[in-house]
Amino acid sequence: MAQQAQPVSDISSGEKPTLLRGAIVRFAGDSGDGMQVTGNQFTVAAALAGNDLATFPDFPAEIRAPAGTTYGVSGFQINFASENVFTPGDAPDVLVAMNPAALKTNLKDLKRSGLLIVNSGAFTTANLKKAGYNENPLETGALDGYNVLAIDISKNTQTAVKESGVSTKEANRCKNFWTLGLMFWIYGRDLDSTIKWIEMKFKKDGAVARANILALRGGYAYGDVAEIAHYRFEVPAAPVAKGTYRNIGGNQATALGILAAAQLSGVPVMFGAYPITPASDILHELSRYKNYGVTTVQAEDEIAAVCVAIGSSYAGHIGITASSGPGIALKTEAMGLAIATELPLVIINVQRGGPSTGLPTKTEQADLLQAVYGRNGEAPLCVVAAASPGDCFHMVLEAVRLTVKFMTPVVLLTDGYLANGAEPWAVPNVADLPKIEVEFRKDPEGFHPFLRNPETLARAWAIPGTPGLLHRIGGIEKDYDSGHISYDPANHERMSKTRAAKVAGIANHIPEQTIELGNDSGKLLVLGWGSTYGAIREAVQRGRDRGLDVSHAHVRYINPFPKNLGDLLKRFERVLIPEMNLGQLVKLIRSDFLIPAESFPKITGQPFKIDEIEEKIRQLMES
Amino acid sequence: MSNIVPTPKLTKKDFESDQDVRWCPGCGDYSILANVQRMMPDLGIAPEDVVWVSGIGCSSRFPYYMNTYGFHTIHGRAPAIAMGIKVANPKLSVWLVTGDGDGLSIGGNHLMHALRRNLDIKMLMFNNRIYGLTKGQYSPTSEVGKTTKSTPSGAPDFPVDPAAFALGCNATFVARSIDTDAKHLNEMLLRAAKHRGTAFMEIYQNCPVFNDGAFEPFTAKDQKEEQQLRVAHGQPLLFGAQRNKGLRIDPRTLALEVATLGENGVEEKDILIHDETNSTLAVMLTHMPFPQFPVAVGVLYATQRPTYDGTVHEQAEAARAKGAPDLQRLLASGNTWTV
């Protein structure tokens with residue numbers, strides 16, 4: 001858990017940086033100010049310095065809202081520490097505000113007595129008006145109680161980049177790197193990796209590269225000469241397990257997991273998708289690696305995207321589709337077809353706020369019941385969920401393993417917070433990753449298309465091109481014994497029960513539920529799923545630090561649940577379920593296990609803060 | 001289209017499944033099925049390399065009756081499923097069966113995209129201008145004012161012409177035929193089969209239960225000579241029992257007109273010669289109002305263009321030529337650090 005930057009009054013005025021366990025920094029500026037780049041570069045520097053970290057980018061749905069307005073503000077938060085970090089943190093210790101609109105929308109989150117760095121050069125009458133300020137907050141005392149560093153970053157940047165020869169307009173675009181340079185000075189970071197990045201990024205335009213590097217160095221030098229040494233902090237390296245690490249975002253991890261699945265199964269993957277926020281990056285990433293046995297298809301719509309995947313599975317590929325809530329809604333009829341024809345299909349839902357178009361760039365976990373139940377007829381399928389950005393990699397592999405083993409669609413739930421957030425990820429050793437076993441039916445002896453493996457109840461995967469296995473499948477009910485069309489009432493009941501039993505039986509082939517943190521019985525279990533992992537974990541840790549008997553368990557397998565989940569839940573007096581919806585996992589848990597699990601919903605489009613869960617735990621334990 | 005089967009040559013029987021065919025007595029689908037089963041052995045493709053894909057509707061039961069691989073899918077989405085199959089395995093000969101409702105209403109979007117992509121599949125649209133399986137509602141090809149169960153006061157909307165639609169989507173092969181005309185149908189099916197790219201074939205098909213005789217005005221024995229224009233590449237666009245009527249361009253309006261040989265000095269040299277590579281002519285042939293003009297059947301348009309599946313595989317090959325996959329290296333790419 002990261003410790004907050006301490007109030008400036010406690011900070012020594014000596015030359016030595018103040019030692020901190022961790023810090024939460026938020027960059028906020030106009031959409032065109034390059035805040036995501038700044039945040040990413042700051043993240044890389046923190047990672048290279050050995051900190052553990054978590055990040056959360058927060059940007060508007062508009063491509064480029066009018067400059068200077070509050071709805072055009074783009075933010076990037078990072079929590080980095082000398083110990084394990086599980087969330088991007090609640091309230092920032094440091095807020096960088098590049099203009100009045102960024103200040104207006106972000107100041108409420110900054111800790112009291114936190115450090116506020118503002119680009120005073122952007123606090124013009126016009127910008128103040130656009131942000132809805134009647135007076136300049138830098139002059140009214142509105143910022144009393146914060147440690148304010150008001151610097152004319154625009155002007156300083158112009159001076160710093162002068163010798164590069166770029167235009168005034170181009171020079172002004174370098175102010176994010178000037179700011180980053182200053183932040184690097186404050187936290188004693190190395191500039192080298194960012195300089196290399198700039199050189200690579202702008203290798204076609206030497207002048208721009210030079211200007212950005214000059215700006216970066218200028219910001220750093222400003223720290224040296226301005227009398228702000230009391231704002232210098234040191235966050236030492238975190239004790240993390242040995243290995244090679246990289247920063248990874250959820251969508252990127254999902255894409256890499258798909259590439260790995262093709263390699264580990266030896267079966268090509270067909271990825272059908274239609275652009276939708278926040279899932280599109282999976283398509284973008286995959287389409288760059290055509291030599292990995294993954295074909296990407298940008299289909300004409302969401303329905304076609306899933307149908308392409310289903311068609312490819314019929315022909316012997318592993319069909320995968322990824323979308324977000326509204327797109328998944330469109331795919332549901334086709335998902336039913338994959339259930340009826342018992343073909344492999346992985347459906348990745350990068351959840352966002354709903355209903356309907358809802359909050360495209362904000363996060364939510366409200367598609368859980370849709371995943372488990374949202375189809376016509378008795379249409380069971382397997383549902384799994386990733387708990388962190390890096391976990392997306394492993395859960396895709398699980399989804400593929402299960403879909404080919406059981407010949408049933410698998411939904412993988414991630415969300416916007418996982419998709420865009422990033423964390424350091426221990427790069428797995430490919431040789432250690434389990435192979436994914438795939439068996440295509442070749443033997444015509446006794447074959448019919450709904451012939452089942454007696455153990456898994458999976459039907460035989462017989463693909464076109466195989467002699468002797470000619471058959472027809474479709475969405476119409478099939479006879480259990482011959483695979484031919486059948487409207488026989490008893491047969492439909494038998495087939496329905498078999499499909500249900502097949503999915504239920506997956507419980508015998510998934511890991512048992514474990515406790516993440518705390519005892520395996522006691523007063524209170526906080527049960528979570530998906531991206532709430534970090535916030536729950538830290539909140540439970542804080543509770544335990546205060547001596548509360550509270551534990552944390554996190555489900556990754558939701559349909560079916562792990563076999564031992566019911567017993568595990570019953571060992572606790574109370575079960576609390578925080579989730580970013582109005583209580584969907586709670587419904588499942590209550591109905592499956594008949595226990596009075598308590599709901600702790602949040603549905604603001606924003607992830608849980610640790611404080612919120614910690615407070616809820618405290619309330620429950622004291623009531 | 002590979003896997004040439006050695007002798008003995010397959011027969012129609014080899015392509016008949018063991019399932020009872022369950023269309024209404026007298027349905028045009030029977031004749032189409034029989035013709036397809038008769039034509040398939042001529043392609044020299046093993047049954048296991050053939051896949052029939054369909055959506056929903058009477059026509060979409062077709063795959064069950066073919067002794068090949070088959071996938072009866074969901075309403076309107078057969079082109080997308082077929083795309084997954086064909087791109088996954090381009091060696092397969094993929095055939096799609098759809099109807100005017102399935103293909104042009106609920107599946108219009110997918111149809112459009114399959115056509116413009118030029119996926120190498122063969123697409124048969126059985127057009128009976130009615131919804132059969134849902135028992136008699138008007139379809140996107142029904143005429144204005146059509147009275148049906150759902151339009152007792154007459155259909156208020158204007159129909160789409162499937163072949164014109166296909167041409168508008170930049171289809172590379174567009175043909176028309178008729179369920180009851182076995183010889184012509186067989187010839188067209190073979191042409192479609194041999195086309196590389198999306199071959200779109202509209203088959204006028206009679207629904208004896210809900211829209212009986214819809215095409216009688218140009219398919220009935222006593223009508224077809226006068227009311228059908230059988231187009232053939234390189235042949236003059238002549239029709240009529242005496243083959244004395246033909247199409248020519250009115251130079252003032254740039255529109256087609258029907259001219260009679262020997263009248264007003266019209267000679268055979270004045271009549272247009274069919275050129276199936278001429279898309280302008282193809283469009284004109286689909287825009288002839290009936291009965292002022294005959295209905296054009298045959299290969300209206302055929303051209304060559306790279307196929308979607310071909311291009312996808314070329315791109316993959318080009319990527320493979322640049323380097324073998326190295327998963328370990330890929331996983332560890334970007335900014336890494338070692339603890």
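Note that the structure is a prediction, hence the values are computed from the model and not measured.

Enquirer: Would you mind showing me how to read the nonpolar core here?
Expert: Core analysis: the largest hydrophobic core is formed by 168 residues, its most contacted members being A:I558, A:L585, A:I589 and B:L285. In terms of residue count, helix 15 (residues 391-406) of chain A provides more of this core than any other element does, ten residues in total. Excluding residues within four positions of it along the chain, A:L585 makes contact with A:L368, A:L527, A:W529, A:V555, A:I558, A:F561, A:I577 and A:E579. In this structure, A:A45, A:A47, A:L149 and A:L191 belong to the second largest nonpolar core, which totals 50 residues.

Enquirer: Would you mind showing me how to read the sheet that holds strand 11 (residues 294-298) of chain A here?
Expert: In a beta sheet, neighbouring strands are held together by backbone hydrogen bonds and run either parallel or antiparallel to one another. Residue and element names in this part refer to chain A. Strand order across the open sheet formed by seven strands is 11-10-12-13-15-14-20, with mixed pairing between neighbours. Across the chains shown, the open sheet's two edge strands, defined by having one partner strand only, are strand 11 and strand 20 (557-559). Direction aside, neighbouring strands of the sheet carry axes that sit 20° apart on average. Pairing of strand 10 (residues 269-273) with strand 12 (residues 318-323) involves five bridges; the strand directions are parallel. Each residue of the ladder has a partner; that of A273, found in strand 12, is A322.

Enquirer: What is the right way to look at the pairing of strand 10 (residues 255-260) of chain B in this model?
Expert: Residues and elements named next belong to chain B. Note that strand 9 (residues 245-250) and strand 10 share six bridges and pair antiparallel. Each bridged residue has a counterpart across the sheet, and for L247 the counterpart in strand 10 is V258. Count of turn residues in the strand 9/strand 10 antiparallel hairpin: four residues, of which L254 carries a positive phi of about 55°.

Enquirer: How should I be thinking about the packing of aromatic side chains in this particular structure?
Expert: Aromatic ring pairs are described here by two measures, namely the spacing of the ring centres and the angle between the planes. For the structure shown, the criterion picks out 27 aromatic pairs over all chains. Here the aromatic rings of A:F42 and A:F80 are separated by 5.5 Å at their centres, their planes lie at 70°, and the arrangement is edge-to-face. With A:F42 in helix 1 (residues 35-48) and A:F80 in strand 4 (residues 73-81), the pair connects residues that are 38 residues apart, well separated along the chain. Taken individually, A:F42 and A:F80 each receive the classification buried, so the pair is uniform in this respect. On the numbers, 6.2 Å between centres and 35° between planes, the contact of A:F177 with A:W197 is tilted. Within this pair, whereas A:F177 is found in helix 7 (residues 175-186), its partner A:W197 is found in helix 8 (residues 192-201), the two being separated by 20 residues in sequence. By way of ring pairs, the aromatic residues B:W23, B:Y30, B:W52, B:F62, B:Y65, B:W95 and B:F126 are connected into one cluster. Directly above the ring of A:Y146 sits A:R112, whose terminal nitrogen or CZ lies 4.5 Å from the centroid. Over the aromatic face of A:Y533 sits the side chain of A:R556, whose NZ or CZ is 6.0 Å from the ring centroid.

Enquirer: What am I meant to see in unusual backbone geometry here?
Expert: Negative phi characterises most residues that are not glycine, and trans characterises most peptide bonds. With omega at -5°, the peptide bond leading from A:G354 into A:P355 counts as cis. Relative to the helices and strands, A:P355 is located in the loop between strand 13 (346-351) and helix 14 (368-373). Although it is not a glycine, B:R243 sits at a positive phi angle of roughly 50°. Mapped onto the secondary structure, B:R243 falls in the loop between strand 8 (238-239) and strand 9.

How each quantity is defined
- Residues numbered from 1 in each chain as written.
- Chains lettered and ligands numbered in written order.
- Predicted model: local features only at pLDDT ≥ 70, side-chain atom pairs only at ≥ 80, totals over all residues.
- Heavy atoms only, no water.
- Core = buried A, V, L, I, M, F, W, Y, C linked by side-chain atoms within 4.5 Å.
- Buried < 20%, exposed > 50% of the residue type's maximum accessible area, 1.4 Å probe, protein only.
- Helix = DSSP H or I, 4+ residues; strand = E, 2+ residues; numbered from the N terminus.
- Contact = heavy atoms within 4.5 Å.
- Pairing = 2+ DSSP bridges.
- Axes fitted to C-alpha atoms, helices over the stretch in contact; angles between N-to-C directions.
- Phe/Tyr/Trp six-rings, centres within 6.5 Å; stacked < 30°, edge-to-face > 60°.
- Lys NZ or Arg CZ within 6 Å of the ring centre and 35° of its normal.

Taken by themselves, the reported measurements are silent on function.
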